[in-house]
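# Descriptive analysis of the structure
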Amino acid sequence: MSRSTLIMVVVFGALVAVWAVSQFSGGPGDVKQLPPLKIDGFLKKEISLQDIKILNKDEDSPYTKFTVTKKGKKGPETYVISLDPATAKEKKASDRKWRVTRTFDGGKRTMKTKAENYRLRIYNQALARSFRSSYSFEANDKDLPQYGLDADHAITLIAESPDQTVKLRIGGKHKIDDETPATWVMNPDVKGVVYQISGHDLRAHFDADWKDIRDRKILSINPGRIHRVELTNPRGHHKGKVVLERAKLTQEQLAKLAKAKKWDEVRKADADWKIVAPAGFTADGQEIGGWLESLERMSATDYVDIEGGKLPEGTGLDAADKAVQVTLHDGDKVVKLRLGGLVPKAQEKDIYLQVEGNQDEIYTVAGWMGDQVVMDLGKVRYRKLMGADKAADAVKVTTLSQGETFTATKGAQGWTSSASIDPKNVTDFLGDLDGVRVEWRAGTTREAAGLVKPKSQVTLTWADGHTRTLSVAAKSGDDDLAAWDKGDVFKLPSWNAGRLHRRPRDFADKHVAPVKAADISEVVVPGEKPGEKVTLTREGGGWKASNGAALKPKVLDQMLDQFVRSEYHAEEDVKPADVGLAPPAWEITVKTTDGKRYGLRLSDKRKDNNPYGQMVEQGKPGRLFTISAMMVQVIRKTMKDLKK
């Protein structure tokens, strides 16, 4: 062998030795030719994550079990999420049912419940596409924290399907560039090797807490089946127990319920309820039904573990003066709830809730949901103002407000009164009464409520001769207190109470001129110059202007039609001079064939954007009111068209 050949052999051998040593020297800085980590997706075609979501392609997933382990409050927590075999063939992901078992507290405790379908869809979306590592290196245990792969930060995943089992230890996420995410992972079966998965944020898919994995629905009840409710609310006005009852479902009804698509096809939640305790109250089925449906839909915002069988301090669930107790009876099945106090520092004013029999945890529910489910006697008793009566069926109505009395009676020709009225206003008022709901104020006396000398009264009489009088007190705070001549005091929301303070003028005919357009023989309108007036006179089939202007009969007829149909908005207790009506900014006067004159004066001043106006009859100023700005605009525009 020549000298040059020998040198080449020695150099080649040295290079081979350096390469071999580099493969086993360790450290994340060493570039190796380690075997890549490859995960086969269940979708065979290449598809974007966006399209997977849009096309619901995660529904093609074959995975039936996921095991996720991460750090909990007391050591590792493991969630085993399994598909219910009975629903495995359902095409829609939303129709598949999953169960989750949580093992926590150092493996000492377990908890089983339904899993959240949405979370399973996210898991499946992550495994829909194939992916492989773009880079790998060996690392010691001391190096793992910087990649989020140590025990305090890593998420271990095992996903099982008939075709394959995926095992991943998921670490931190990072960015290769502004548009490319990446995740550090390990294969639990391959010790000491870290892989980079480019283009995938696996952490976002699998980093979920217990509250985000489990189904948040709290109760599994059927409102149609509930036949007895026991309620104790120490926060309400009534301190005793309230008991609601209705008949149990018959065997025939239960058989129908088993076949029905919806439970309310057999019995609605609001049907047939009675208050059996305390005695003497009528149940509000609508309110009770809505309440039961709220309980059925109720979901948790978070969960608090019960440790050592003791309730956490400060929940109010064990406080006799705070805890609201609800017991629901469904045949032999009994569900008991307790609603406690506010959760400290909760943004939505969440409250604590406990279901009897669940020794592992209590729930928190959103404050608005808590308001819906915290009931008392005042909410479950009948809340319609009219009770069993119907105001629309009354044959006589009398109102007394601000010292003014109004009376109307109903005969064969409808509503009539000694005053000028629009019968529709009386009908609308009675319709308002039928729609009002009240809030009961237990323990409030008529004297304390200010009902000895009420602000307003409404007396109704029906055809059978029975009469009822409603008294409404002067406003106190945001609401008004009221009571029937026989009955308890209740509270009326201010917007409802405002409809009950009616004076004679509120029933009046609100047309600005009680005439027909065909009966108008003369019209006086403003002229071109300030103070100028133009008189338009009907002659034969047309009109003639006093200033000789050419008129368009069609436009004038439209203006008169709008004028006679105009109604004012609301009568006002003001002086003409204070609202720009002495003198007015604009005025129109009409004369009828029988010689009567009616006018409408308008101001440039407004209230709530509606101009002030005043009626004039036979030259005498009458009612002063606000009138719809839109109506005035239409009339004035027509006047401009008329001048053209």
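Since we're looking at a predicted model, the values are computed, not measured.

### Describing the overall build of the chain
- A count of helices and strands for the chain gives 14 helices and 34 strands.
- For 644 residues, the compact-globule estimate of 2.2 N^0.38 gives 26 Å, and the C-alpha radius of gyration of the chain, at 40 Å, exceeds that figure by more than 25%.
- Each principal axis of the C-alpha distribution contributes one length, and for the chain these read about 140 × 75 × 45 Å.
- Looking at the chain as a whole, 43% of its 644 residues qualify as buried.
- Accessible area for the chain stands at about 34900 Å²; split by element, carbon and sulfur atoms hold 50% of it.
- Of the charged side chains in the chain, 105 are positive and 90 negative; the average position of the first set lies 1 Å away from that of the second.

### Digging into the pairing of strand 17 (residues 351-355)
- Extensive coverage of strand 17 is indicated by the burial of five of its five residues.
- Burial along strand 17 is two-sided: Ile-351, Leu-353 and Val-355 facing one way and Tyr-352 and Gln-354 facing the other are all buried.
- Note that strand 16 (residues 333-342) and strand 17 share four bridges and pair antiparallel. Each bridged residue has a counterpart across the sheet, and for Leu-339 the counterpart in strand 17 is Leu-353.
- Looking at chain direction, strand 17 and strand 18 (residues 361-365) are connected through three bridges and run antiparallel. Bridging across to strand 18, Tyr-352 finds its partner in Thr-364.

### Quick notes on the sheet that holds strand 26 (residues 490-493)
- On the basis of which strands lie adjacent, the open sheet formed by eight strands has the order 21-20-19-23-24-25-26-22 and antiparallel pairing. The sheet is open, and its two borders are formed by strand 21 (414-416) and strand 22 (439-440), each paired with just one other strand.
- In this sheet, strand 21 lies alongside strand 20 (residues 404-411) in antiparallel orientation, the contact comprising three bridges. Among the inter-strand pairings, Thr-409 is bridged to a residue of strand 21, identified as Thr-416.

### A closer look at the environment of Lys-510
- Examined against the element boundaries, Lys-510 turns out to sit in the loop between helix 12 (494-497) and strand 27 (520-526).
- When the C-alpha atoms of Lys-510 and Glu-361 are compared, they prove to be 64 Å apart, with 149 residues separating the residues in sequence.
- Not counting residues within four places of it along the chain, the set of residues in contact with Lys-510 comprises Ser-566, Glu-567, Tyr-568 and His-569.

### Observations regarding the sheet that holds strand 14 (residues 302-305)
- If you trace the eight strands from one edge of the open sheet to the other, you get 13-12-11-15-16-17-18-14, paired in antiparallel fashion. Looking along the sheet, the strands with just one partner apiece sit at the ends: strand 13 (274-277) and strand 14. On average, each strand axis in the sheet is inclined to that of its neighbour by 25°, with strand direction left out of account.

### Considering the environment of Trp-440
- Among the structural elements, Trp-440 can be located in strand 22.
- The spacing of Trp-440 and Lys-491 is 51 residues in sequence and 6.0 Å in space, taken between C-alpha atoms.
- Contacts of Trp-440, omitting those with residues within four sequence positions, involve His-237, Gly-378, Arg-381, Tyr-382, Arg-383, Asp-488, Val-489 and Phe-490.
- Within the structure, Trp-440 has its side chain in polar contact with the backbone oxygen of Tyr-382 (distance 3.0 Å).

### Topic: unusual backbone geometry
- Omega for the peptide link from Ala-277 to Pro-278 comes to -5°, which places this bond in the cis form.
- Along the chain, Pro-278 falls in the loop between strand 13 and helix 7 (285-297).
- Residue Pro-583 follows Ala-582 across a cis peptide bond; omega there is 0°.
- As for its position among the elements, Pro-583 is in the loop between strand 30 (568-571) and strand 31 (586-592).
- Residue Asp-608 is not a glycine yet carries a positive backbone phi of 55°.

### Section: the packing of aromatic side chains
- Tallied over the full model, the rule gives 15 aromatic pairs.
- For the ring pair Phe-406 and Phe-507, a centre distance of 4.2 Å and an interplane angle of 10° mean the geometry is stacked. Pair noted here: Phe-406 is in strand 20 and Phe-507 is in the loop between helix 12 and strand 27, with a separation of 101 residues, a long-range link.
- Its relative accessible area of 0% is what places Phe-507 among the buried residues.
- Here the aromatic cluster, defined as three or more aromatic residues joined through ring pairs, consists of Phe-42, Tyr-63, Phe-66, Trp-98, Tyr-123 and Phe-206.
- One residue, Arg-468, lies across the ring of Trp-484, its end atom 3.9 Å from the ring centre.

### With respect to a positive patch on the surface
- Where like charges cluster on the molecular surface, the positive patch consists of Lys-97, Arg-99, Lys-112 and Lys-114.
- With respect to the helices and strands, Lys-97 occurs in the loop between strand 3 (75-83) and strand 4 (98-104).

### Details of helix 3 (residues 117-126)
- Buried residues dominate helix 3, accounting for eight of its ten residues.
- Two or three places before Tyr-118, at the opening of helix 3, Glu-116 has a side-chain oxygen 3.1 Å from that residue's backbone nitrogen.

### Focus: the nonpolar core
- Ranked by internal contacts, the top residues of the largest apolar core, which has 39 residues, are Phe-66, Ile-81, Tyr-123, Leu-168 and Leu-202.
- Excluding residues that lie within four positions of it along the chain, Tyr-123 makes contacts with Phe-66, Val-68, Ile-81, His-205, Phe-206 and Ile-213.
- Formed by 36 residues, the second largest nonpolar core is a distinct cluster that contains Ile-221, Val-335, Ile-351 and Val-355.

### Things to note about the side chain of Asp-376
- Relative to the helices and strands, Asp-376 resides in the loop between helix 8 (367-373) and helix 9 (377-380).
- Although Asp-376 is buried, it forms no salt bridge, and the closest oppositely charged side chain is Lys-379 at an N-O distance of 5.8 Å.

### Remarks on the side chain of Ser-471
- Within the secondary structure, Ser-471 is located in strand 24 (residues 467-472).
- If near-sequence neighbours (up to four positions away) are discounted, Ser-471 is found in contact with Leu-451, Pro-454, Ser-456, Gln-457, Leu-481, Ala-482 and Ala-483.

### Description of the pattern of salt bridges
- Under the counting rule described, the total for this entry stands at 36 salt bridges.
- A salt bridge links Arg-225 to Asp-330, with the nearest nitrogen and oxygen atoms 2.9 Å apart. Of this pair, Arg-225 sits in the loop between helix 5 (210-213) and strand 11 (228-232) while Asp-330 sits in strand 15 (residues 324-330), and the two are 105 residues apart along the sequence.
- Among the residues examined, Arg-225 registers a relative accessible area of 29% and is labelled partly exposed.

Cut-offs used in this document
Residues numbered from 1 in each chain as written. Predicted model: local features only at pLDDT ≥ 70, side-chain atom pairs only at ≥ 80, totals over all residues. Heavy atoms only, no water. Helix = DSSP H or I, 4+ residues; strand = E, 2+ residues; numbered from the N terminus. Rg over C-alpha atoms; globule rule 2.2 N^0.38 Å. Buried < 20%, exposed > 50% of the residue type's maximum accessible area, 1.4 Å probe, protein only. Areas by Shrake-Rupley, 256 points an atom, 1.4 Å probe, with all protein chains shown as cover. Lys, Arg positive; Asp, Glu negative; His and termini not counted. Charge placed at Lys NZ, Arg CZ, Asp CG, Glu CD. Pairing = 2+ DSSP bridges. Contact = heavy atoms within 4.5 Å. Axes fitted to C-alpha atoms, helices over the stretch in contact; angles between N-to-C directions. Polar contact = N/O pair within 3.5 Å; in protein donor to acceptor, adjacent residues only side chain to side chain. Phe/Tyr/Trp six-rings, centres within 6.5 Å; stacked < 30°, edge-to-face > 60°. Lys NZ or Arg CZ within 6 Å of the ring centre and 35° of its normal. Patch = residues over 30% accessible without salt bridge, like charges linked within 9 Å, V, L, I, M, F, W, Y side chains within 5 Å. Salt bridge = Lys/Arg side-chain N within 4 Å of Asp/Glu carboxyl O. Core = buried A, V, L, I, M, F, W, Y, C linked by side-chain atoms within 4.5 Å.

In short, shape yes, function no, at least from these values alone.
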